[in-house]
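Spelled out, the chains give:
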Amino acid sequence: MLPLAMVTGVVAYPWVSRLAFITPVLIFLMLLLTFSKLSPREIKIQREHVWLILFQVVGSIFIYLLLQWIHPVVGQGAMVCVLAPTATAAAVITGLLGGSVAFLTSYLLLCNIAVALAAPVIFSFIGVHQEIPFGESFLLIGGQVAPVLLLPLLAAWLIRYTLPRIQEKLVKIRGVSFYLWAAGLTIVTGSTVQFLLQEELNYRLVAVLAGVSLLICVGQFLLGRKIGRRNNDPVSAGQGLGQKNTILAIWMAQVYLNPVSSIAPAAYVLWQNSINSYQLWLKAKKEKQNKTVNK
């Protein structure tokens, strides 16, 4: 589905790029289906959650300040790759790898709230709205980002306690979020291609953005696992920090930053899925070896 979605976006970019306006709706629906199976009673904040969120927010600012001296667009691309919240599909991969789904889903909720609060502040200082007063910029960006990230949570819990039958149906069809993700990936890929074709590309800059994205992706998976070892659960923390909601990241980069910076989260799609595939292969190989030894 990953290559199919991206190839469709590249080939059909003149048409799918026109659907960019529905990307926030797709993100909202994906999060709604994800949060519909998450009860407020299951939310347990752990020390590792706090460390991961601090790295996401503070680390994104630090890496921007560090890399913007190379090129402002590189700094923006790197920053959004760190700031982006955890992917909704991370819980699935975490379960397959033997991690704690409860830990990951709690972090998914917490990091979405953290990003909804932090992103308007950060983008007001380094984004495309710097020319207007901070208060106006914060309200403008917050009014667009917060509903996408926070309203799905409020809607899911409102439905849980007032419309239980609908909540049960949402839980049963949560697999639809995968296809919503594929549609969103197709659209943001088409929008990225459309923008790049309209610009005079600096291919060296494109290569740097992709390379920095790779280093950040590998670094976040490794750092997350290191933090998770304190709780004897490196898998969950690694997925929480490393596996990003890239559709949201690309959308934020295209709307609030220099659109060229969206190349970094677009490349991140390939890097994180390659790492996930490698991890699943290693786990399957280990299980096969264990079965052989037991025989």
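This write-up is about the structure you can find in this document. The residue numbering used here restarts from 1 in each chain and proceeds along that chain's sequence as written. Local features in this predicted model are restricted to residues of pLDDT 70 or higher, and side-chain atom pairs are both shown and tallied only at a pLDDT of 80 or more, whereas totals for entire chains, interfaces and linings draw on every residue. Note that the side-chain values use all heavy atoms of the structure and ignore hydrogens as well as water.

1. Overview of the overall build of the chain
1) Next: Numbering of helices and strands runs from the N terminus; a helix is a DSSP stretch of H or I covering at least four residues, while a strand is a stretch of E covering at least two. Tallying secondary structure elements over the chain gives 14 helices and 0 strands in all.
2) Next: Along its sequence from the N terminus, the chain presents helices and strands in the succession α-α-α-α-α-α-α-α-α-α-α-α-α-α.
3) Next: Here the chain has a C-alpha radius of gyration of 19 Å; the compact-globule value for 295 residues is 19 Å, and the two agree.
4) Next: For every residue, the accessible area obtained with a 1.4 Å probe (protein chains only) is divided by the maximum for its type, and the residue is called buried under 20%, exposed over 50%, and partly exposed between those limits. Burial statistics for the chain: of 295 residues in total, 51% are counted as buried.
5) Next: It only takes one pair of heavy atoms within 4.5 Å for two residues to be counted as in contact. Across the chain, every contact between residues at least 6 apart in sequence was considered, and the portion connecting residues at least 24 apart equals 80%.
6) Next: Surface summary for the chain: the accessible area is close to 14,600 Å², and the carbon and sulfur share equals 68%. Put simply, the radius of gyration uses C-alpha atoms, and a globule should come to 2.2 Å times the residue count raised to 0.38. Here the accessible surface of atoms and residues is derived via Shrake-Rupley with a 1.4 Å probe, and residues count as covered only by protein chains that are part of the display.

2. Quick word on the pattern of salt bridges
1) Next: Think of a salt bridge as a Lys or Arg side-chain nitrogen and an Asp or Glu carboxyl oxygen that are within 4 Å of each other. For the structure shown, the criterion picks out 1 salt bridge.
2) Next: With a shortest N-O distance of 4.0 Å, Glu48 and Arg47 are connected by a salt bridge.
3) Next: You can call Glu48 buried: its relative accessible area is 5%.

3. With respect to a nonpolar patch on the surface
1) Next: Like-charged residues within 9 Å of one another, or nonpolar side chains (Val, Leu, Ile, Met, Phe, Trp, Tyr) within 5 Å, are grouped into patches, provided each residue has over 30% relative accessible area and no salt bridge. Taken together, Ile45, Val50, Trp51, Leu54 and Val58 make up a surface patch of nonpolar side chains, about 490 Å² in accessible area.
2) Next: A relative accessible area of 44% places Trp51 in the partly exposed class.

4. Observations regarding the packing of aromatic side chains
1) Next: Aromatic rings from Phe, Tyr and Trp, taking only the six-membered ring of Trp, are treated as a pair when their centres fall within 6.5 Å; an angle between ring planes under 30 degrees marks them as stacked, one over 60 as edge-to-face, and anything in between as tilted. This structure, assessed with the given rule, holds 3 aromatic pairs.
2) Next: Arranged with centres 5.6 Å apart and planes meeting at 20°, the rings of Phe123 and Tyr256 form a pair that is stacked. Highlighted residues: Phe123 in helix H7 (residues 101–126) and Tyr256 in helix H13 (residues 246–256), separated in sequence by 133 residues.
3) Next: According to the relative accessible area criterion, Tyr256 is buried, its value standing at 0%.
4) Next: Between Trp251 and Tyr256, the ring centres sit 5.9 Å apart and the planes meet at 80°, which makes this aromatic pair edge-to-face.
5) Next: Since its relative accessible area comes to 10%, Trp251 is described here as buried.

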